[in-house]
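This is what each chain is made of:
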Amino acid sequence: VTDRIDFDARTAWNKGAEAYSKFIESGADYYRLLVHGPELLAACGDVHGKRALDLGCGHGYFSRALANAGAQVVGVDLSDRLIDRARALESQTPLGIEYHVVDAARIGERLADASFDLVTACMSLQDMVDPAYVLLAASRVLTEGGRMVFSVPHPATDPPHREWLRDGHGRKLSLCLDRYFEAGPAVCDWNMKRLTATWQTPCWRFTLTQWSAFVRSAGFMIRALSEPHPSSETVGAHPELEDCSRMPYFLIFDLMKPGWLRTP
Ligand SMILES: C[S@@+](CC[C@H](N)C(=O)[O-])C[C@H]1O[C@@H](n2cnc3c(N)ncnc32)[C@H](O)[C@@H]1O
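This text gives an overview of the structure that appears in the document.

**Notes on the overall build of the protein**
Thought 1: Helix and strand counts for the protein come out as 8 helices and 11 strands.
Thought 2: Scaling as 2.2 N^0.38, a compact globule of 264 residues should have a C-alpha radius of gyration of about 18 Å, and the protein matches this with 18 Å.
Thought 3: Reported as C-alpha extents along the three principal axes, the dimensions of the protein are approximately 55 × 40 × 40 Å.
Thought 4: Every one of the 264 residues in the protein was classed for burial, and the buried ones make up 50%.
Thought 5: Residue pairs in contact within the protein that sit at least 24 positions apart in sequence constitute 70% of those at least 6 positions apart.
Thought 6: With an accessible surface of roughly 12,600 Å², the protein has 52% of that area assigned to carbon and sulfur atoms.
Thought 7: One way to put it: in the protein the 28 positive side-chain charges average out to a point 1 Å from where the 33 negative ones average out.

This is how it looks when you write it as structure tokens:
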């Protein structure tokens, strides 16, 4: 993540759509496939028969996970290229998922109040310009007692300065972190060697205090927070995951819309 530049999120994600989809479909995104994805699904509980809305669904990785677990899923994303890929995968292997090109902040204009049991966002809220407003919009489309479950980069390990100190053999010694309280807009550089292309997307950093204020102002109650990380057995089988067994890279919010909430 580098310094701020202004650019349009849809254009940015459309540019990276093909490489992003390949990154996941090829298995190269091992943190997602082996660590935070399965834990996000587990946090959703039994989704069988539930009406689920997946915000910032991208090419449908988590929408498909929910549908495979028995949910009726609607996925929305700003990027028409990612939605095209999601629809292509849906026609290859139909799971009954509906996809729409919609800004997550505007779901209230497209979807009825109280029409979902579950709203999810897999590593997408931090890429949206106003996640507080999106959470409020999510609470409106949820039934009373409905759940909102989302993952973001862990605020404590994703500050502006972040660097693994390494020994002479390149082994990771310790993670250096600084400037945690410098929240705000940033640019995410998609430049890892595991990608087939490079691109940049806009993103926003928030402290844990800010995330909890967004959650509270949308009227949600926190059921649980979790910090996905691999077990020592998983690291034994997948040594590439060793770094995220030492420090939390991801944070999952498991929220509930209380029965007594009257959305403004
Ligand atoms: C890191 S990707 C995650 C995609 C998907 N959830 C996944 O796990 O692969 C972030 C996604 O958020 C989407 N996005 C960014 N701003 C958005 C907005 N305002 N409304 C809907 N989607 C948005 C991007 O197009 C991108 O697909």
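Let us keep going from here.
**Examining helix α2 (residues 30-43)**
Thought 1: The first and last C-alpha atoms of α2 sit 19 Å apart over 14 residues, in line with the 20 Å expected at 1.5 Å per residue.
Thought 2: Bending of α2 peaks at approximately 40° at the position of histidine 36, with proline proline 38 no more than four residues after it.
Thought 3: Every buried residue belonging to α2 is among Tyr30, Tyr31, Arg32, Val35, His36, Gly37, Leu40 and Ala43, and all of these are buried.
Thought 4: Contacts from the buried residues of α2 go to α1 (9-25), α3 (61-68), β4 (116-122), β5 (142-153) and β11 (250-256).
Thought 5: Downstream of α2 by one or two residues, glycine 45 has phi in the positive range, about 75°.

**Topic: α3**
Thought 1: Across the 8 residues that make up α3, a large majority, 7, are buried.
Thought 2: Taken together, the buried positions of α3 are Tyr61, Phe62, Ser63, Arg64, Ala65, Leu66 and Ala67.
Thought 3: Just beyond α3, the residue with positive phi is glycine 70, at close to 105°.

**Let's talk about the site of the ligand**
Thought 1: Of all residues adjacent to the ligand, which total 19 residues, the nearest are Tyr20, Arg32, Gly56, Asp77 and Ala104.
Thought 2: Within the contact set of the ligand, an oxygen atom lies 2.7 Å away from a side-chain nitrogen or oxygen of tyrosine 20.
Thought 3: In the environment of the ligand, a nitrogen atom lies 2.9 Å from a nitrogen or oxygen atom belonging to the side chain of aspartate 103.
Thought 4: In isolation the ligand offers 600 Å² of accessible surface; the protein chains occlude 97% of this area.
Thought 5: In terms of residue count, the dominant contributor to the shell around the ligand is α1 (3 residues).
Thought 6: By residue class, the composition of the shell around the ligand is 11 nonpolar, 4 polar and 4 charged.

Rules used throughout
- Residues numbered from 1 in each chain as written.
- Predicted model: local features only at pLDDT ≥ 70, side-chain atom pairs only at ≥ 80, totals over all residues.
- Heavy atoms only, no water.
- Helix = DSSP H or I, 4+ residues; strand = E, 2+ residues; numbered from the N terminus.
- Rg over C-alpha atoms; globule rule 2.2 N^0.38 Å.
- Buried < 20%, exposed > 50% of the residue type's maximum accessible area, 1.4 Å probe, protein only.
- Contact = heavy atoms within 4.5 Å.
- Areas by Shrake-Rupley, 256 points an atom, 1.4 Å probe, with all protein chains shown as cover.
- Lys, Arg positive; Asp, Glu negative; His and termini not counted.
- Charge placed at Lys NZ, Arg CZ, Asp CG, Glu CD.
- Expected span 1.5 Å × (residues − 1).
- Bend = angle between axes of the 7 residues up to and from the residue.
- Near = heavy atom within 4 Å.
- Polar contact = N/O pair within 3.5 Å; in protein donor to acceptor, adjacent residues only side chain to side chain.
- Nonpolar A, V, L, I, M, F, W, Y, C, P; charged D, E, K, R; others polar.

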